Amino acid sequence: MSAIRPAEALAQAYDGITAVIDGRDDADLQRPTRCRGWLVADLLLHVLGDAQRALVALASPADGPADVDDVSYWRGFPSGGGDDARHAWWVRRSAAAFDRPTGIVQLWGETAPAAVRAAAAADPTGYVTTQGHVLRVADFLATLTTEAVVHHLDLTPELSGAPSPGPLAVRVAVATMDGLMSDDAVRPTGWDDERFLLKATGRLPLSDRDRLELGESAGWFPLLG
């Protein structure tokens, strides 16, 4: 991760989402995503919450040491529980409160660049607190990047011409999934980075061949919900 500039990766991740939704009409913003029960506008509002959280965290430095890093942070978020369902319902109702779905796009366009500027100005060796944890700034930015890349892929199935996430941002997300895998696991040979991310997060099921190649490590999947 040291070779990757965290703020640059986050900028690429957020720019990628902007490229997906920029210029879309209300009909496109009401298309389904890979996140069960969420439309494009719903999911964008969820990612917008991350950008807002970034602004708060980066403006509120914390004392170290960190209690989690960019990988172990995710182990505290098991998927499929009641909290997930409550949050999904809250997001849907909040998105529906906008007069038009494009209002969420406008708010994203104001907030995401501000979060990126705050990330670029932050000391990557400093510490912040978020979601009840203390992280190094660099690791915090990596968590934001990973979530943005995964949700970028979630946004695109029903949106024609949607671009892929940027390579630097994808590299951060892939490094996260690699870290969440068991030490002796090897990625199946037929997986490119995008397929790895979709399989690792449960967006695509493991095939019989995947399970054969992964062996006992298949039991770790999905690595992140």
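Residues numbered from 1 in each chain as written. Predicted model: local features only at pLDDT ≥ 70, side-chain atom pairs only at ≥ 80, totals over all residues. Heavy atoms only, no water.

**Q** Mind showing me how you'd approach the packing of aromatic side chains here?
**A** How two aromatic rings sit relative to each other is set out by the distance from centre to centre and by the angle between their planes. In this structure the tally under the stated criterion is four aromatic pairs. Aromatic pair Y73 and W74: ring centres 5.0 Å apart, planes at 80°, arrangement edge-to-face. Exposure class is identical for Y73 and W74. Each is buried. Here the aromatic cluster, defined as three or more aromatic residues joined through ring pairs, consists of W191, F196 and F221. (Phe/Tyr/Trp six-rings, centres within 6.5 Å; stacked < 30°, edge-to-face > 60°. Buried < 20%, exposed > 50% of the residue type's maximum accessible area, 1.4 Å probe, protein only.)

**Q** I keep staring at the environment of D193 and nothing clicks. Help me out?
**A** Tracing the sequence through the fold places D193 in helix α7 (residues 193-200). Setting aside anything within four residues of it in sequence, one finds D193 in contact with V170, V174 and R187. (Helix = DSSP H or I, 4+ residues; strand = E, 2+ residues; numbered from the N terminus. Contact = heavy atoms within 4.5 Å.)

**Q** Explain the pairing of strand β1 (residues 127-130) to me, please; I cannot follow it from the model alone.
**A** As a general feature of sheets, a regular strand has side chains that alternate between the two faces. Judged by which residues are buried, β1 turns out to be one-sided: V128 and T130 face inward and are buried, whereas Y127 and T129, on the alternate face, are not. Sheet topology places β1 next to strand β2 (residues 133-136); four bridges connect them, and they run antiparallel. Among the inter-strand pairings, Y127 is bridged to a residue of β2, identified as R136. Connecting β1 to the next strand, β2, in antiparallel fashion are two residues, including Q131 with a positive phi near 50°. (Pairing = 2+ DSSP bridges.)

**Q** How should the packing of helix α1 (residues 6-21) against helix α6 (residues 167-180) be read in this particular structure?
**A** Packed helices, taken two at a time, are described by their axes: the angle between them and the distance between them. The N-to-C vectors of α1 and α6 enclose an angle of 110°; their axes lie 7 Å apart at closest approach. In terms of orientation, α1 lies roughly perpendicular with respect to α6. On α6, the residues that touch E8, A9, Q12 and A13 of α1 are P167, L168, A169 and V172. (Axes fitted to C-alpha atoms, helices over the stretch in contact; angles between N-to-C directions. Parallel < 35°, antiparallel > 145°, perpendicular 65-115°, else oblique.)

**Q** What is the right way to look at the side chain of D210 in this model?
**A** With respect to the helices, strands and loops of the structure, D210 is situated in helix α8 (residues 208-214). The exposure class assigned to D210 is buried, which follows from its relative accessible area of 6%. In contact with D210, other than residues within four places in its own chain, are P188, W191, K199 and P205.

**Q** How do you make sense of the pattern of salt bridges when you look at a structure like this?
**A** Any two side chains of opposite charge can pair, on the condition that their charged atoms come close. Taken as a whole, this structure holds 11 salt bridges when the rule is applied. Here R100 makes a salt bridge to D26, at a shortest N to O gap of 2.7 Å. Taken together, the residues span a long stretch of sequence, with R100 in the loop between α3 (82-96) and α4 (102-121) and D26 in the loop between α1 and α2 (40-58) at a distance of 74 residues. On the basis of relative accessibility, which here comes to 47%, the residue R100 falls in the partly exposed class. Classification of D26 by relative accessible area gives buried; the value is 17%. The structure contains a network of salt bridges with shared partners spanning R24, D28 and R31. (Salt bridge = Lys/Arg side-chain N within 4 Å of Asp/Glu carboxyl O.)

**Q** Is there a simple way to think about the packing of α2 against α4 in this case?
**A** The geometry of α2 relative to α4 is characterised by a closest axis approach of 9 Å and an angle of 30° between their N-to-C directions. Considered as vectors, α2 and α4 are oriented roughly parallel to each other. Handedness of the crossing formed by α2 with α4: left-handed. Only I104, V105, L107, W108, T111, A112, A114, A115, A118 and A119 of α4 make contact with α2, whose side of the interface consists of A41, L44, L45, V47, L48, A51, Q52, A54, L55 and L58. (Left-handed = near helix turned anticlockwise from the far one by under 90°.)

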